[in-house]
Amino acid sequence: MSNHTDSLALGSPRFRDAALAQRAHDQGVLAAWREALSHDVRAAAGIDGEFAVALREPRGRTVLAVDRFGIHTLCYRVQDGQLRFAERADELADGAGEIDPQAIYDYLYFHAIPSPRTVFKGVFRLPPAHYALFENGRLTVAPYWVPEFTEDTNTSFGALRDEFRELLRQGVRRQLDDGKTACFLSGGTDSSTVAGVMAEVTGQPPASYSIGFEAEGYDEMEYARIAARRFGTDHHEYYVTPDDLVQGIPQVAAGLDQPFGNSSLLPAYYCALKAKADGATRILAGDGGDELFGGNTRYAKQRVFDWYGTVPGALRRGLLEPVFGLPFVAKTPLLRKGSSYIEQARVPMPDRTQMYNLLLRLGPANVLTPGFLAQVDLNGPAQQQREVWGAAKADGLLNRTLAHEWRYTLAESDLPKVRSATGLAGVDVGFPLLDDDLLAFSMRLRSDYKLKGLKLRWFFKEALRGFLPDEIITKKKHGFGLPFGVWANRHPALRKLATDSLASLGARGIVRPEFIDELVKTHLPAHPGYYGEMVWILMMLEQWLQSHAGRFMPNHSTARPEPVEGPG
């Protein structure tokens, strides 16, 4: 939906102010938004729920705002003295649109294009929890809300548990609609919680949908079945096949407004298609539990690295670093781990989070052509992350890490994945674990309840012990995704789609043809799980370019990237 001249209001905002809520009820949401933002655009901080709003005011101002996680999006550009806006970036691109090489680099780095940049030059996407104000020819883009953690160390576990459970019920109730609401069910802690709470608050078996893969080590359908049996859901399963990918990859890439490389998009799409075919109008997703309550293994890993800072400086600099920095130590099996640990622990956050970044490990100069590299700022992604890292009001490593994840894992990757998958399937989506009251609860929950020692999401699991099946509470977090690399080696049609896509991309002057040749012929067959990810993101880039910018060839010059508008 594009709207270049009028105003729009998307989503389901909840106005905390009673007078505004009444106005929304009596005169419509846009009337309430106009009153709320008429004096101070930062008043968006007083509105809950998922939303995007764009207002053109009679006095000449244009105001935009999106919710705290960017569940709903707005893109914008300044053109002919006006601020134009739309939900999709491609709706604001004139003709085919001029592609931004820096956005292509950001995509290869993040596997998505983080806001405020989009793939089109001059078109920007409003970051989560930000507003844009265009007045007297001047554009201001700034946050109206930043995460602020204030830990409550006085409330008892029992009281917190009871409050948490009620907030879960409230979050799910708020996401139900008048049609048929279903839920994703992967068998993980989050989706199982949503399914169980749905059954509890509705008093009826919710329809649950699971995706499986017939590939060893990638299928966790049995855990979904355990949850379905526990909560009595009307359970549906679909096994994605390589043929599904051959058919779905071009369709999905063509339906996106810019390149997107999270491979879980395809399974989520087929899951949503099945729900749609069964009459579901809305499907609830479990995204957010890990990021709000400390459930990812990397949080424990970063805590271990952080312990290095407690070692006296004289010992670190005088003994440990000189000894473990010796060349023979790094080559000795028993000592190699110690050398690697010190190397990583010495890197400050958030830069340390990117030490396993796929593009950086492969080497940008090995992957990308010299002409393309001359057009981009290689330090741009790291600099943006440092700015986001520093913005949160948080003491301690864990909470600052979580706030960082809310931006990059949730707002820029996982939520767009689910939103795009369901949107392409024609189903609405809700995220009950990102309810604003649950978010506020998580920001005052003490850190050692989120990560107790090295125990992930301790409070969440203990608060739901007896409600969730024990097998799901105690199961290790696998994080297996789409077995694309394995299938690409075995399935001729899928391999042809991948290799043809990469060959076409190699002719564009972005990626070195020598790298593509080595990737396809040597690396993918030897290590399909690892290198399959790089094949996937390159393939999805080329598939998007073919459908949206077929003739794009980067202008190999020394031109530097355009600056983005507003803070990262």
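Preceding this section is the structure that the text describes.
A. Structural view of the overall build of the protein. Summing up its helical and strand segments, the protein has 26 helices and 15 strands in all. At 24 Å, the protein has a C-alpha radius of gyration in line with the 24 Å of a compact globule built from 568 residues. Expressed as lengths along the three principal axes of its C-alpha atoms, the size of the protein is roughly 70 × 60 × 55 Å. Counting across all 568 residues of the protein, residues that qualify as buried make up 56%. When contacts within the protein are restricted to residue pairs at least 6 apart in sequence, long-range pairs at least 24 apart make up 72% of them. Accessible surface, the protein as shown: approximately 23,500 Å² in total, 51% of it carbon and sulfur. A gap of 5 Å separates the mean positions of the 64 positive and 68 negative side-chain charges of the protein.

B. A look at the side chain of Arg68. As for its position among the elements, Arg68 is in the loop between β5 (62-66) and β6 (75-79). Of the residues examined, Arg68 reaches a relative accessible area of 9% and is grouped as buried. Only 3.1 Å separates the side chain of Arg68 from the backbone oxygen of Ile47, close enough to count as a polar contact. In this structure the side chain of Arg68 is engaged in a polar contact, spanning 3.2 Å, whose partner is the side chain of Asp436.

C. Examining the sheet that holds β6 more closely. Taking strand neighbours across the sheet as the criterion, the three strands line up as β7-β6-β8 in an open arrangement whose pairing is antiparallel. The sheet is open, and its two borders are formed by β7 (82-86) and β8 (124-125), each paired with just one other strand. Pairing of β6 with β8, which is carried by two bridges, proceeds in the antiparallel orientation. What sits directly across from Tyr76, in β8, is Phe124.

D. Looking closely at the nonpolar core. In this structure, Phe69, Phe164, Trp406 and Phe459 are the most contacted members of the largest nonpolar core, which totals 87 residues. Broken down by element, this core gets its largest block of residues, seven residues, from helix α18 (residues 397-425). Ignoring sequence-local partners within four residues, the contact set of Phe69 consists of Pro128, Leu292, Trp406, Leu410, Ala411, Leu415, Leu434 and Leu439. Ranked by size, the runner-up nonpolar core spans 76 residues in total, among them Ile99, Tyr107, Ala112 and Ala382.

E. Quick look at the packing of aromatic side chains. By the definition in use, this model includes 29 aromatic pairs. Both rings, one in Phe164 and one in Phe459, keep their centres 5.4 Å apart while their planes meet at 65°; by these two values the pair is edge-to-face. In this pair, Phe164 sits in helix α4 (residues 157-175) while Phe459 sits in helix α21 (residues 458-463), placing the two residues 295 residues apart along the sequence. Assigned by exposure class, Phe164 and Phe459 land together as buried. Geometrically, the ring pair formed by Phe293 and Phe441 is tilted, given 6.4 Å between the ring centres and 45° between the ring planes. Taken together, the residues span a long stretch of sequence, with Phe293 in helix α9 (residues 289-293) and Phe441 in helix α19 (residues 436-444) at a distance of 148 residues.

F. Spotlight on the state of the cysteines. Under the definition given, this model contains zero disulfides. Here Cys271 is not disulfide-linked; the sulfur of Cys183 is the nearest cysteine sulfur, at 9.3 Å. When its relative accessible area of 3% is taken as the criterion, Cys271 is described as buried.

G. Summary view of the side chain of Ser501. On the secondary structure map, Ser501 appears in helix α24 (residues 492-506). Residue Ser501 is classed as buried on the basis of its relative accessible area, which comes to 2%. Each residue touching Ser501, except ones within four places of it in the same chain, is listed here: Met539, Glu542 and Gln543.

H. Local environment of the pairing of β6. Taking burial as the measure, the five residues of β6 include four buried ones, the bulk of the element. With five bridges connecting them, β6 and β7 associate as antiparallel partners. Across the sheet, the residue bridging to Val78 is Leu83, located in β7. Where β6 folds back on β7, the antiparallel hairpin that results is connected by two residues, among which Asp80 adopts a positive phi of roughly 55°.

I. Region of the structure containing the packing of helix α11 (residues 313-324) against helix α13 (residues 333-345). Contact geometry of α11 with α13 gives a least axis separation of 9 Å together with a crossing angle of 120°. One finds that α11 runs oblique with respect to α13. Here α11 and α13 pass one another in a crossing that is left-handed. Together, Leu320, Glu321 and Phe324 of α11 and Leu335, Gly338, Ser339 and Ile342 of α13 make up the contact between the two elements. Across the contact of α11 with α13, the residue classes break down as four nonpolar, two polar and one charged.

J. Highlighting helix α25 (residues 513-526). Over its 14 residues, α25 extends 19 Å from the first C-alpha to the last, a length consistent with the 20 Å expected when each residue adds 1.5 Å. Along its length, α25 reaches its greatest deviation from straightness, about 45°, at Leu519. Residues of α25 that are buried include every one of Phe515, Ile516, Leu519, Val520, His523 and Leu524, and no others.

K. Spatial organisation of a nonpolar patch on the surface. Among the surface-exposed residues, Leu315, Leu319, Val323, Leu326, Phe328, Leu334 and Leu335 lie close enough to one another that they form a single nonpolar patch of about 650 Å² accessible area. Going through the elements one at a time, α11 and α13 are the ones with two or more residues in the nonpolar patch. For the nonpolar patch, the element with the highest residue contribution is α11, accounting for three residues. Relative to the elements of secondary structure, Val323 occurs in helix α11. Relative accessible area serves as the criterion here: at 36%, Val323 is assigned to the partly exposed category.

L. Broad picture of unusual backbone geometry. Put simply, Ser115 and Pro116 share a cis peptide bond, and its omega is 10°. Checked against the element boundaries, Pro116 lands in the loop between α3 (101-110) and β8. Following Met349, the chain continues into Pro350 via a peptide bond in cis, with omega recorded as 5°. If you trace the backbone, Pro350 turns up in the loop between α13 and α14 (358-362). We note that Asp80 has phi near 55°; this positive angle belongs to a residue other than glycine.

M. Inspection of the pattern of salt bridges at higher detail. Taken as a whole and assessed by the stated rule, the structure comprises 38 salt bridges. Note that Arg42 and Asp40 form a salt bridge whose closest N and O atoms lie 3.2 Å from each other. Linking Arg68 and Asp436 is a salt bridge whose minimum nitrogen-to-oxygen distance equals 3.2 Å. Of this pair, Arg68 sits in the loop between β5 and β6 while Asp436 sits in helix α19, and the two are 368 residues apart along the sequence. Neither residue differs from the other here; Arg68 and Asp436 are each classed as buried. Each of Arg14, Arg16, Asp48, Arg68, Arg174, Asp435, Asp436 and Asp437 takes part in salt bridges that share partners, so that together they form one network.

Cut-offs used in this document
- Residues numbered from 1 in each chain as written.
- Predicted model: local features only at pLDDT ≥ 70, side-chain atom pairs only at ≥ 80, totals over all residues.
- Heavy atoms only, no water.
- Helix = DSSP H or I, 4+ residues; strand = E, 2+ residues; numbered from the N terminus.
- Rg over C-alpha atoms; globule rule 2.2 N^0.38 Å.
- Buried < 20%, exposed > 50% of the residue type's maximum accessible area, 1.4 Å probe, protein only.
- Contact = heavy atoms within 4.5 Å.
- Areas by Shrake-Rupley, 256 points an atom, 1.4 Å probe, with all protein chains shown as cover.
- Lys, Arg positive; Asp, Glu negative; His and termini not counted.
- Charge placed at Lys NZ, Arg CZ, Asp CG, Glu CD.
- Polar contact = N/O pair within 3.5 Å; in protein donor to acceptor, adjacent residues only side chain to side chain.
- Pairing = 2+ DSSP bridges.
- Core = buried A, V, L, I, M, F, W, Y, C linked by side-chain atoms within 4.5 Å.
- Phe/Tyr/Trp six-rings, centres within 6.5 Å; stacked < 30°, edge-to-face > 60°.
- Disulfide = S-S within 2.5 Å.
- Axes fitted to C-alpha atoms, helices over the stretch in contact; angles between N-to-C directions.
- Parallel < 35°, antiparallel > 145°, perpendicular 65-115°, else oblique.
- Left-handed = near helix turned anticlockwise from the far one by under 90°.
- Nonpolar A, V, L, I, M, F, W, Y, C, P; charged D, E, K, R; others polar.
- Expected span 1.5 Å × (residues − 1).
- Bend = angle between axes of the 7 residues up to and from the residue.
- Patch = residues over 30% accessible without salt bridge, like charges linked within 9 Å, V, L, I, M, F, W, Y side chains within 5 Å.
- Salt bridge = Lys/Arg side-chain N within 4 Å of Asp/Glu carboxyl O.

Read these as spatial facts, not as claims about activity.
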